[in-house]
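In case you want the letters, here they are:
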Protein chains: 2
Amino acid sequence: MFRSVAEPIGPPAAGAGRSSLGFWPMSTSLFTDHYELTMLAAALRDGTADRPCVFEVFARRLPEGRRYGVVAGTGRLLDAIEAFRFGEAELELLERTDVVDRATLDWLADYRFTGDVDGYPEGELYFPGSPILSVRAPFGVGVVLETLALSILNHDSAIASAAARMVGAANGRRMIEMGSRRTHEDAAVASARAAYLAGFTATSNLEAARRHGIPTAGTCAHAFTLLHDSEEEAFRSQVEALGAGTTLLVDTYDITNGIKTAVEIAGPALGAIRIDSGDLGVLARQARDQLDSLGARNTRIVVSGDLDEYSIAALRAEPVDAYGVGTSVVTGSGAPTAGMVYKLVEVDGRPVAKRSSHKESRGGRKSALRRHKDTGTALEEVVHPVAESVELGPHDRVLPVPLMRGGQRVEGLDTLAESRERLRAALVSVPWEGLKLSRGEPAIPTTFL
Amino acid sequence: MFRSVAEPIGPPAAGAGRSSLGFWPMSTSLFTDHYELTMLAAALRDGTADRPCVFEVFARRLPEGRRYGVVAGTGRLLDAIEAFRFGEAELELLERTDVVDRATLDWLADYRFTGDVDGYPEGELYFPGSPILSVRAPFGVGVVLETLALSILNHDSAIASAAARMVGAANGRRMIEMGSRRTHEDAAVASARAAYLAGFTATSNLEAARRHGIPTAGTCAHAFTLLHDSEEEAFRSQVEALGAGTTLLVDTYDITNGIKTAVEIAGPALGAIRIDSGDLGVLARQARDQLDSLGARNTRIVVSGDLDEYSIAALRAEPVDAYGVGTSVVTGSGAPTAGMVYKLVEVDGRPVAKRSSHKESRGGRKSALRRHKDTGTALEEVVHPVAESVELGPHDRVLPVPLMRGGQRVEGLDTLAESRERLRAALVSVPWEGLKLSRGEPAIPTTFL
């Protein structure tokens, strides 16, 4: 059921199409709000576009009742920044629609990101106020990345944060992400990546295998059974094509008959059965008994059908070997966006912050560390001005790492596999209350120095 | 504030990149679940891949409490079907990861969609069970489109359905979609399109202007004010660059001071002010009074900041001229996916349907019509077997239209502007209870013949 790809394929090199058949018209530079470019135009005109600035990405709060967030998308963002160029096609659109003036078009034609970026590595936990990304660049160079940075980080972190809760609920059992059909076609690829980062075993999405090297899984849908004149014929065909190790979907007609037929045809070496509807706990127990009685003791049971972290947890005591999860993971299980913002916090070395009403921000460039007990359990997230040195205890950990320097990606950044491992280790350090699925406060408090 | 593009730019021609800078590695064929291809492989092997089939897309129910759904994405889907080809890069991935056998790879290399497609046009309303899309093709040709069709229709319809409620709540006032930063970067482009289809006036998303010809809007964020040494300098710079007709964001520091400064600098010809935080109703009234007292009687008031259909409706009595809407529209306002399914309903001319437990389906190829009173008010959605002729009253309307014939797109399909108009007209026909924002039953019942 699980197939691995030999090696991941990275993002496309700029200027090089991979498919022999079709292309999207893409640099990433128009994944941008109109106002980023009008701000740039005004700032170029009055000379402030060159002022050295610091922008920070953070979330004011976690989605309601969530205990932690998972940083995801940073790797995709670095790719997207490298592809943030204004070519002829992009400039033509901006000129034709009169978004900005000629001087700004000329400036954009030469645009390359030249700044420095630090941030929490992918797979790191975050809490309210954590400085997840810090961009240091002249105003014009940094401001135009706002929309793209937030799109990627908000989406991918929302999916990874939901997925991590599901992986926790599954308690070590296999998890297959199969939600592509429930989200935008390209968001589906990013969702597969985020879910895998969070500990899912595989995805149904083939483009995610190509783009990110994620293992894919899948065998048959109900349509395949309905296509055939009988369930028996469908199963026989599937086993002949995919081998006895395949997963047979047994709930098209009657599950008990389906399991009987499945084992008759595939033999006790049948890889797995899948149940996609009904009371999954009851059905899994019945199926396990029936499989065992038929001698198919090693045949696994896969369940799917509107699962979320709560229903996964509710199946903990049942003989379920793997979960297929769709809608809930790709929609962030009630929190489809992470709510991060990209704020200007420093201009020319002095802190700046919005002051009106309830959306107050903290000015100044910040760093953060996480304090831990001797036992390794996390105690608090400490967010502090970079200028202010903070004593680091033996179990404490500085959270941001360098990601880009002078517009170049830092060497040796984490692979997706390393990010998976980072998250696994970070979750081990969370106090046990923080791993509960029920609504509550963040697992650790954030202290602002 | 609003800028129009001269003409929409269509989707990229297969094989032709538009940007001089970068490409995504794309045909659309890997936006596909692994199991679609393993089903295909088994069906090719046993000969059933050639059986004539009908697949139908429908929603078993509307999102909880919603009164109607809006069909969106059909145009994007037709583009995506035309780009559904397996080139060298796609075949290489499938071979390397051992997803399917050689015979299946050879079949895929020649894949072109050759079937017929009918469906509800974009902008049409749908209800539980409405046959939104019907695909008639040999099993192998039709089954591989399942994931892609559902990704596009589920996403775009979810956004359009939420957006239509917001447009209704705004009661004719301008609506700007500015949610790109709260959703995946490419989903943002589709969201802008869906919101525009549903009646939004403009989007912040520049790629949506390029790809779909949607008007874009935007001026400045708080960062622009913070960049400058004073609000006054920021406003002066913006007015010099963008003219007095621009929109000044007045809530960075103190709103009353902000408005005073704005009118001092731009004069009474100031286009608009924007308020992005606080109690928007109270602030809009105060701002209107202040603007009027300063002689800026034609200066409009734009509000933004976590608006959804309910808060938009709550501002109906306030002097608000335009709404900027972000998170809620791009996340479907609580319903981020439309929950449509793609089901095999007919094989070799005979109806087929899953029979187990609670996910029952209705077999057989279906059509639908909407019955209306003499007054034009919709009465019911009638879903019937295509084989069965149904009498059409003088005010009734057949809903599905031909979209593709023999793999070719039907000529003269609706433009995006026509889809907008279709939705506007369809909403006029909905009984008044069905336009309420509160939770309730579908606006009209679905009758299955």
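Position labels on residues start from 1 in each chain and follow its written sequence. To read the labels, note that chains go from A and ligands from 1, taken in the order they are written. Reporting in this predicted model follows two pLDDT cut-offs: at least 70 for local features of residues, and 80 or more for side-chain atom pairs to be given and counted; totals over whole chains, interfaces and linings ignore these cut-offs and use all residues. Only hydrogens and water are set aside when side-chain values are computed; all heavy atoms of the structure are taken into account.

**Notes on the overall build of chain A**
- Secondary structure elements are defined from DSSP: runs of H or I of at least 4 residues count as helices, runs of E of at least 2 residues count as strands, and each element is numbered from the N terminus. Looking only at helices and strands, chain A has 15 helices and 22 strands in total.
- At 25 Å, chain A has a C-alpha radius of gyration in line with the 22 Å of a compact globule built from 449 residues.
- Projected onto its principal axes, the C-alpha positions of chain A cover 80 × 55 × 40 Å.
- Categorising residues by exposure relies on relative accessible area from a 1.4 Å probe, with only protein chains included: less than 20% of the type maximum marks a residue as buried, more than 50% marks it as exposed, and the intermediate range marks it as partly exposed. For chain A, the residues scored as buried account for 62% of the 449 residues in total. For a compact globule the rule gives 2.2 Å times the number of residues to the power 0.38, and the radius of gyration it is set against comes from C-alpha atoms.

**Quick word on the nonpolar core**
- Residues grouped as a nonpolar core are buried Ala, Val, Leu, Ile, Met, Phe, Trp, Tyr and Cys residues, joined through side-chain atoms within 4.5 Å. In this structure, L37, L94, F113, F139 and L344 of chain A together with Y323 of chain B are the most contacted members of the largest nonpolar core, which totals 131 residues.
- No other element matches the eight residues that helix α6 (residues 146-170) of chain B contributes to this core.
- When sequence neighbours within four positions are dropped, the list of residues in contact with L37 of chain A reads F86, L94, V99, V100, T104, L108 and V144 of chain A together with L206 of chain B.
- Counting residues in hydrophobic clusters, the runner-up holds 130 residues, among them A192 of chain A together with A43, C53 and V352 of chain B. Whether two residues are in contact is decided by their heavy atoms: any pair within 4.5 Å suffices.

**Digging into the confidence of the model for chain A**
All names here are of chain A.
- On average, residues of chain A score 93 in pLDDT, and 93% of them reach the 70 mark or higher.
- Scored below 50 in pLDDT, residues 1-25 shows 93 contacts in the model against residues more than four places distant or in partner chains.
- Across the predicted assembly, pTM comes out at 0.95 and ipTM at 0.94. For every residue, the pLDDT score states the predictor's confidence, bounded by 0 at the bottom and 100 at the top.

**Brief notes about the packing of aromatic side chains**
- Working definition: a ring pair exists when centres of Phe, Tyr or Trp rings (six-membered ring for Trp) sit within 6.5 Å. Plane angles under 30 degrees give stacked, over 60 give edge-to-face, the rest tilted. In this structure the tally under the stated criterion is twelve aromatic pairs over all chains.
- An angle of 35° between the planes, with centres 6.0 Å apart, marks the rings of F55 of chain A and F139 of chain A as tilted. Here F139 of chain A lies in helix α5 (residues 139-143) and F55 of chain A lies in strand β3 (residues 52-59), a separation of 84 residues in the sequence. Across this residue pair, the class does not change: F55 of chain A and F139 of chain A are buried.
- When the centroid spacing of 5.4 Å and the interplanar angle of 70° are considered together, the rings of F84 of chain B and Y111 of chain B count as edge-to-face. Of this pair, F84 of chain B sits in the loop between α2 (74-82) and α3 (88-96) while Y111 of chain B sits in the loop between α4 (102-109) and β5 (116-119); the two residues are 27 residues apart in sequence, bridging distant segments of the chain.
- Here the aromatic residues F84, F86, W107 and Y111 of chain A are joined through ring pairs into a cluster of three or more.
- Between R362 of chain A and the ring centre of F448 of chain A, over which it is positioned, the NZ or CZ distance is 3.7 Å.
- In this analysis the charged atom, NZ for Lys or CZ for Arg, is taken to sit over a ring once it is within 6 Å of the ring centre and within 35 degrees of the ring normal. The ring of Y196 of chain A is capped by R420 of chain A, whose NZ or CZ atom sits 4.0 Å from the centre of that ring.

**Concerning the UniProt feature "domain: Nicotinate phosphoribosyltransferase N-terminal" (unreviewed entry) in chain A**
- UniProt positions are given in the numbering used here, feature names are shortened, and annotations may be inferred rather than shown by experiment. Under the local residue numbering, the UniProt record ascribes the feature "domain: Nicotinate phosphoribosyltransferase N-terminal" (unreviewed entry) to residues 30-154 of chain A.
- Between the C-alpha atoms that bound residues 30-154 of chain A there is a distance of 18 Å. The span itself is 42% helix and 18% strand.

**A look at the sheet that holds strand β17 (residues 366-372) of chain A**
All names here are of chain A.
- By this definition, two strands are paired if DSSP reports at least two bridges between them. Taken together, the four strands give an open sheet; going across it, the order is β19-β17-β18-β22, and neighbouring strands pair in mixed fashion. The open sheet terminates on both sides in strands that have one partner only, identified here as β19 (397-398) and β22 (446-448).
- With three bridges connecting them, strand β18 (residues 378-385) and β22 associate as parallel partners. Note that in β22 the partner of V382 across the bridge is T447.

**Structural notes on the sheet that holds strand β5 (residues 116-119) of chain A**
Residues and elements named next belong to chain A.
- Reading across the sheet, the seven strands line up as β16-β15-β3-β7-β5-β20-β21 and stay open at both edges, with antiparallel pairing between neighbours. The sheet is open, and its two edges are formed by β16 (350-351) and β21 (408-409), each paired on a single side.
- Relative to strand β7 (residues 133-138), β3 is paired through six bridges, and the arrangement is antiparallel. Note that in β7 the partner of V54 across the bridge is R136.
- Helix axes are fitted to C-alpha atoms over the stretch in contact, other axes to C-alpha atoms as well, and angles between N-to-C directions run from 0 to 180 degrees. Along the sheet, helix α2 (residues 74-82) makes contact with β7, β20 (401-405) and β21, crossing β20 at roughly 15°.
- Strand contacts of helix α6 (residues 146-170): β3, β7 and β15 (340-347), with the helix running at about 140° to β15, the strand carrying the most contacts.

**So, the domain arrangement of chain A**
Residue and element names in this part refer to chain A.
- Taken as a whole, chain A is organised into domain 1 (27-158 + 338-448) and domain 2 (168-334).
- Between domain 1 and domain 2, the residue contacts involve 16 residues of the former and 18 residues of the latter.
- Together, the buried faces of domain 1 and domain 2 total about 1,400 Å²; carbon and sulfur atoms form 62% of this surface.
- The term buried area means the drop in 1.4 Å probe accessible area that two parts suffer when joined, counted for both and summed. Area buried by domain 1 at its contact with domain 2 is led by L416, R420 and L437, which between them contribute 46% of it.
- Whenever a nitrogen or oxygen atom comes within 3.5 Å of another N or O atom, the pair is scored as a polar contact, on the condition that within protein one atom can donate a hydrogen and the other can accept it, and that pairs from neighbouring residues in sequence are kept only if both atoms are in side chains. The interface formed by domain 1 and domain 2 holds five residue pairs in polar contact (both at pLDDT 80 or more) in total.
- At the level of elements, α2, α6 and α15 (416-428) are the ones that each hand at least two residues to the side of domain 1 that touches domain 2.
- Top contributing element to the side of domain 1 that touches domain 2 by residue count: α15, with four residues.
- Any residue outside Ala, Val, Leu, Ile, Met, Phe, Trp, Tyr, Cys, Pro, Asp, Glu, Lys and Arg is labelled polar, Gly included; the first ten of those are nonpolar and the last four are charged. A class-by-class count of the residues in the side of domain 1 that touches domain 2 yields six nonpolar, five polar and five charged. An automatic or database domain assignment supplies the start and end points of every domain.

**As for the UniProt feature "domain: Quinolinate phosphoribosyl transferase C-terminal" (unreviewed entry) in chain A**
- Mapped onto this numbering, the UniProt entry annotates "domain: Quinolinate phosphoribosyl transferase C-terminal" (unreviewed entry) at residues 159-328 of chain A.
- Helix makes up 49% of residues 159-328 of chain A and strand 14%, and the two end C-alpha atoms of the span are 9 Å apart.

**Here we look at the relation of the copies chain B and chain A**
- Residues below a pLDDT of 70 in either copy are left out; the C-alpha atoms of the rest, at least 70 in both, set the least-squares superposition of the copies. In screw terms, the move from chain B to chain A is a rotation of 180° and a rise of 0.0 Å along the axis, fitting with an RMSD of 0.0 Å. One copy is carried onto the other by what is essentially a two-fold rotation axis.
- Both copies present the same face, since 100% of the interface residues in chain B are matched by interface residues at the equivalent positions in chain A.

**Overview of the interface of chain B and chain A**
- On the chain A side, the residues contacting the 123 residues of chain B number 123 residues.
- Carbon and sulfur atoms make up 60% of the area that chain B and chain A hide from each other, which totals about 10,800 Å².
- We count a salt bridge whenever a side-chain nitrogen from Lys or Arg sits within 4 Å of a carboxyl oxygen from Asp or Glu. One can count 14 salt bridges joining chain B with chain A.
- Put simply, chain B and chain A have 50 residue pairs in polar contact (both at pLDDT 80 or more) between them.

**A few points about the pairing of strand β3 (residues 52-59) of chain B**
All names here are of chain B.
- Among the eight residues that make up β3, seven are buried, leaving the element largely enclosed by the rest of the structure.
- The pairing of β3 with strand β15 (residues 340-347) spans seven bridges and is antiparallel. Among the inter-strand pairings, C53 is bridged to a residue of β15, identified as V347.

**A few points about the side chain of S367 of chain B**
Residue and element names in this part refer to chain B.
- Note that S367 resides in strand β17 (residues 366-372).
- With a relative accessible area of 15%, S367 lands in the buried category.
- Here S367 is in contact with P131, V382, V383, H384, V386, V398 and P400, once residues within four sequence places are set aside.

**Here we look at helix α7 (residues 185-197) of chain B**
All names here are of chain B.
- Compared with the 18 Å implied by 1.5 Å per residue over 13 residues, the 19 Å span of α7 between its first and last C-alpha is a close match.
- A large share of α7 lies buried, amounting to 13 of its 13 residues.
- G199 lies just past α7 and shows a positive phi near 115°. Helix span, as expected, comes to 1.5 Å for every residue beyond the first.

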